[in-house]
2 protein chains.
Amino acid sequence: MPKLWNETIEAHRHAVRDAIMETTAALVGEHGLASVKMTQIAEQAGIGRATLYKYFPDVDSILIARHEEHVAAHLAQLAELRDRAGTPEERLHAVLGTYALICHHRARHAGIDVAALVHRGEPFARAEQRLVDLFQEVLGEAAAVGALRADVSPDELALYCLHALSAAGSLPDESAVHRLVTVTLAGLRPAAAPGEPNPAGPADRHRAAHEHQRHARH
Amino acid sequence: MPKLWNETIEAHRHAVRDAIMETTAALVGEHGLASVKMTQIAEQAGIGRATLYKYFPDVDSILIARHEEHVAAHLAQLAELRDRAGTPEERLHAVLGTYALICHHRARHAGIDVAALVHRGEPFARAEQRLVDLFQEVLGEAAAVGALRADVSPDELALYCLHALSAAGSLPDESAVHRLVTVTLAGLRPAAAPGEPNPAGPADRHRAAHEHQRHARH
DNA sequence: CGCTACCGAGACAGAGCGTCTTGGCAGCGA
DNA sequence: TCGCTGCCAAGACGCTCTGTCTCGGTAGCG
């Protein structure tokens, strides 16, 4: 593809790497995940097959690398929302709502291929774990001000959020995604039944405690 | 495997088919999904490779067939719970709780392989659709007696339940699964806030309407 | 101008695949 | 008892894709 090397060799390699990943994603979107071969990718990207093997060992690695870049971008976006100003409830809503929209648009854009690729091997587990950790932090802050139910730990609630919001990929439009976020958040709130134990109040108290948590993170 | 044909030819073929599916599942559990080859399956099952191709065209078909049998069994179990006696809330709780336990045990037993296989192609979409339909029926009955929030339609709530409960596969023990069901159900209940529109009462009224729905199904 | 690093193209052996043929065995009916 | 039919294991065959290697060519750099 790049006949003339762009500035440095480093930049050239990065450009070729990006071209490989983009070409592979296009081929997968066109012909499906199983039928894409290394030969096809090399031809489409305009590089030699041996050169392709110098960048990636197989098709899965290419798509995993592409997926990890997307995950990193989304994670940065969510971390930025997490560190914004506002009450823990507001930031929880922002993080979960944005994640749901990400799921929605990913499903609409990439189809089933990402899900098929992503559910195998350990790279996906790591990406999911980072998401759970991020959710857990926001949930912990919300729990500190009593905005969360106290009978389930934040790590289990984080897992609940992650899976519940993944339903956004099957929803038809963004208003449905918004309703899904509302429903998911409803599952997180303290039990309204009078007999249930609910030690933390619904108001935003413990402000100092959650500020301490936020700053102790970095 | 079966040197002497069992009774009829039909039964023999069924036995061979079962042996193939069981052998394949064992190999996938042992060596992973990607590395299992048709040659290996035929050798392990004690049949010829050409014979294997007379039963299944490829490895995926074998695992999909096995998965569909499991799904059918689980679906029957859930349908039985749906048609049991009791209030719609009780039956909703039973169906969702049982589905969560199924997810939990499946993840514990088969590992990541089922998820990896299951997320590609159209057979999985059909199985998921049948589950959503089943959920939707139980949710519709619960909505008829006012046990559900009225601001989200039962089909969207069914999708929410399906995905939220799939988190049970990542939970460590059954008590955590039970808490997940509690949280998921909390997302389904009518909004407790006084300002929110909540036309249906929390008590079990409209009993006749939901009985009508149940009997109109068959 | 020579050196180095990279690259495209092609060759090569190996693994799997999907099909076909061969020879053999189990059941069934005459 | 003897064919006849259906099924089967084993193996051969051509094919695709893989992963590695070598070759000749070219861009940058000193």
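Because the structure is predicted, anything quoted here is derived from the model rather than measured.

### Description of the packing of aromatic side chains
- For the structure shown, the criterion picks out 3 aromatic pairs over all chains.
- Ring centres of Y99 of chain A and F135 of chain A lie 5.3 Å apart, and the angle between their planes is 85 degrees; on these two criteria the pair is classed as edge-to-face. Here Y99 of chain A, found in helix α5 (residues 88–110), pairs with F135 of chain A, found in helix α7 (residues 122–144); they are 36 residues apart in sequence, far enough to count as distant. Just as Y99 of chain A is buried, F135 of chain A falls in that class too.
- Pairing Y160 of chain A with Y160 of chain B gives two aromatic rings, centres 6.4 Å apart and planes at 85 degrees, and the pair type is edge-to-face. Taken together, the positions of Y160 of chain A in helix α8 (residues 154–166) and Y160 of chain B in helix α8 (residues 154–165) put the pair across two chains.
- On the accessibility criterion, Y160 of chain A (1% relative accessible area) is buried.
- Above the face of the Y55 of chain A ring, R13 of chain A is positioned so that its terminal group lies 4.6 Å from the ring centre.

### Comments concerning the UniProt feature "DNA-binding region" (unreviewed entry) in chain A
- In the numbering used here, UniProt assigns the "DNA-binding region" (unreviewed entry) feature to residues 37–56 of chain A.
- Within residues 37–56 of chain A, the helical portion is 75% and the strand portion 0%, while the C-alpha atoms at the span's ends are 13 Å from each other.

### Considering the protein's contact with DNA strand C
- For DNA strand C, the set of nearby residues contains 15 residues, the closest of which are H12, G48 and T51 of chain A together with R49 and Y53 of chain B.
- Within 4 Å of the protein, atoms of DNA strand C come from sugar and phosphate in 60% of cases.
- Within the backbone of M38 of chain B, one N or O atom sits 3.3 Å away from a phosphate oxygen of DNA strand C.
- Y53 of chain B places a polar side-chain atom, nitrogen or oxygen, 3.1 Å from a phosphate oxygen of DNA strand C.
- The set of elements that each furnish at least two residues to the surface near DNA strand C consists of α3 (49–55) of chain A together with α2 (38–45) and α3 (49–55) of chain B.
- Per-element tally for the surface near DNA strand C: the top contributor is α3 of chain A, with 4 residues.

### Concerning the protein's contact with DNA strand D
- Around DNA strand D sit 17 residues in total, of which R49 of chain A together with H12, I47, G48 and T51 of chain B are the nearest.
- Here, DNA strand D places atoms within 4 Å of the protein, and 65% of those atoms are sugar or phosphate.
- Between DNA strand D and the protein, one listed contact pairs a base oxygen with a side-chain N or O atom of R49 of chain A at 2.6 Å.
- In the model, a phosphate oxygen of DNA strand D is placed 2.7 Å from a nitrogen or oxygen of the T51 of chain B side chain.
- Breaking the surface near DNA strand D down by element, the ones donating at least two residues are α2 (38–45) and α3 of chain A together with α3 of chain B.
- Here the element with the most residues in the surface near DNA strand D is α3 of chain B; it accounts for 4 residues.
- Looking at the surface near DNA strand D, its residues break down into 9 nonpolar, 5 polar and 3 charged.

Conventions adopted
Residues numbered from 1 in each chain as written. Chains lettered and ligands numbered in written order. Predicted model: local features only at pLDDT ≥ 70, side-chain atom pairs only at ≥ 80, totals over all residues. Heavy atoms only, no water. Phe/Tyr/Trp six-rings, centres within 6.5 Å; stacked < 30°, edge-to-face > 60°. Helix = DSSP H or I, 4+ residues; strand = E, 2+ residues; numbered from the N terminus. Buried < 20%, exposed > 50% of the residue type's maximum accessible area, 1.4 Å probe, protein only. Lys NZ or Arg CZ within 6 Å of the ring centre and 35° of its normal. UniProt positions renumbered as here; feature names shortened; annotations may be inferred. Near = heavy atom within 4 Å. Polar contact = N/O pair within 3.5 Å; in protein donor to acceptor, adjacent residues only side chain to side chain. Nonpolar A, V, L, I, M, F, W, Y, C, P; charged D, E, K, R; others polar.

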